Amino acid sequence: MAEPEGLRHAAIAWLEQRTFDRQIPLSRDEIADFEWNGQPFRLIPSQQGIWKPRGFEATLSIVTTYRSPGQKRPYEDEVGTDGLIRYKWRGDDPHHPENVGLRRAMQLRKPIIWFIGIGGKPPEYQVVAPVYLVREEPEQQQFVMAPLAEEDFAVEEFDEGFAVPALKRYLMRETKVRLHQPVFRSTVLMAYENHCAVCNLAHPELLDAAHIVDDSHEMGTPTIGNGMALCKIHHAAFDRRFLGLRPTLERPIVEIRQDLLDEVDGPMLRHGLQDLHGKPLMMLPKARANRPDHDKLVWAYDRFRTATAADVA
Ligand SMILES: [Zn+2]
C-alpha cells in the first residue's frame, strides 16, 4: 500500500488540534489516538530515529529522545548560521534506508513531523510540524531542515537564496518561534510540574517559561538552566525587576523591591507580592540538573539590585 493521499496533512492538522496549536506536549498514548479511516495509525517511531510506515516512500516522522542537561541535545547546537537545523544521517552510508526515506521526503517536498522529547514519566513530546527537508549536505552527512508553515515553503528560494539576509533572518525567526520557544516552554513547565516557582500556582494556561537571563543576552540561552516556570504576574514582576531572587545554596529567596514593600494597595499587591518577600521559592525541579544555573541567578540578582538602587536614588 502506497502512502494514502492526504494522510500526512490530516496527521499534522490533528496534532495541531490536539496540542492546541503546539501549546502542550503529548504522551505516546495520546499520539496513539490518531486514526485514519477509522483505524489507529502509528505516527511516532517506537524508539529514537525515523518512522516510515510500510509502503511509504518518504519518512513520516522523526523522534528525538529527551536528554537531561549536561547531555547534548542534538537540535541545540545544530542550527547553522543560516538559521536552519542540521539533522545527521543515520550512520555514514547514504543508502541506509533511513537516509533514503529522508531524501525522498526532501525530493517529494513532503512535510514531516518532529517529536522532541521533553522529559516526564511517561515521556512527553513537543510536536514540531510541519518540518521540511530543504537540502542535503553529503560532505557533512546531514540534511538541512526548516520548521515552516506549509504556505511559506517555497523550495526554489532555498536553492539559491541562502545568502539573502532577509531570508536568513526570516528562517532564524521561524526556527525560534516554531522550534526553540515551544520546546523551551514544554521542557521548563515539565520540570516544574506545571507550577509557578514563586507562588506554586498550578495552571499551565497561566504559566510562562521565563528566561532568567533575557534571550537578547548571550547568556540567555533557551535551556532549562536558564528557565523557570512562573505565573504571568510573577514573570512580569521578575522581568520588570519588581521581584528578585537572591541566590542561595539551596532555594533562592524571593525579594520584593523596597518601593513596592512600602506601597499600600489591595490584596494582589499584599498577598501576590509583599507577603512573598523573604520566602524561598515554592517550586523547584526535583532533578538538580534541571534547576536554575547559579551564574544566571547571580546575573539576574545583580540586575535586580541595580534597579533597586536606581529607584532609591
Ligand atoms: Zn506565581
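All values reported here derive from a predicted model rather than from experimental measurement.

Before going further, it helps to examine the pairing of strand β7 (residues 112–117). Among the six residues in β7, six count as buried, and that is most of the element. Of the two faces of β7, both are covered, the one formed by Ile112, Trp114 and Ile116 as well as the one formed by Ile113, Phe115 and Gly117. As paired elements, strand β5 (residues 61–64) and β7 share four bridges and run parallel to each other. Pairing of Ile62 across the sheet is with Trp114, part of β7. With five bridges connecting them, β7 and strand β8 (residues 124–137) associate as antiparallel partners.

Glancing now at the coordination of the zinc ion. Taken together, Cys196 (SG), Cys199 (SG), Cys231 (SG) and His234 (ND1) make up the full set of protein donors to the zinc ion, lying 2.1 to 2.3 Å away. Because the angles between the four donor atoms bound to the zinc ion fall within 92 to 119°, the donor set is best described as tetrahedral. All donors of the zinc ion belong to a single chain; written as a sequence motif, their spacing is C-x2-C-x31-C-x2-H. One end of the pair, Cys199, is in the loop between α5 (165–191) and β10 (207–211); the other, Cys231, is in strand β11 (residues 227–231), and 32 residues separate them in sequence.

In this section: the pattern of salt bridges. Counted according to the given criterion, the structure contains 20 salt bridges. Between Arg22 and Glu16 there is a salt bridge, with its nearest N and O atoms 3.3 Å apart. Glu193 serves as the salt-bridge partner of Lys286, at 2.7 Å between the closest nitrogen and oxygen. With Lys286 in the loop between α8 (267–272) and α9 (294–312) and Glu193 in the loop between α5 and β10, the pair connects residues that are 93 residues apart, well separated along the chain.

The next thing to look at is the UniProt feature "domain: HNH nuclease" (unreviewed entry) in the protein. Under the UniProt annotation, "domain: HNH nuclease" (unreviewed entry) lies at residues 196–244. Secondary structure across residues 196–244 comprises 16% helix and 24% strand; the distance between its end C-alpha atoms is 15 Å.

Here is what the cut-offs are and how they apply
- Residues numbered from 1 in each chain as written.
- Predicted model: local features only at pLDDT ≥ 70, side-chain atom pairs only at ≥ 80, totals over all residues.
- Heavy atoms only, no water.
- Buried < 20%, exposed > 50% of the residue type's maximum accessible area, 1.4 Å probe, protein only.
- Helix = DSSP H or I, 4+ residues; strand = E, 2+ residues; numbered from the N terminus.
- Pairing = 2+ DSSP bridges.
- Donors = N, O, S within 2.8 Å, 3.2 Å for Na, K, Ca; no water.
- Tetrahedral: all angles 85-135°; square planar, octahedral: opposite > 155°, others 65-115°.
- Salt bridge = Lys/Arg side-chain N within 4 Å of Asp/Glu carboxyl O.
- UniProt positions renumbered as here; feature names shortened; annotations may be inferred.

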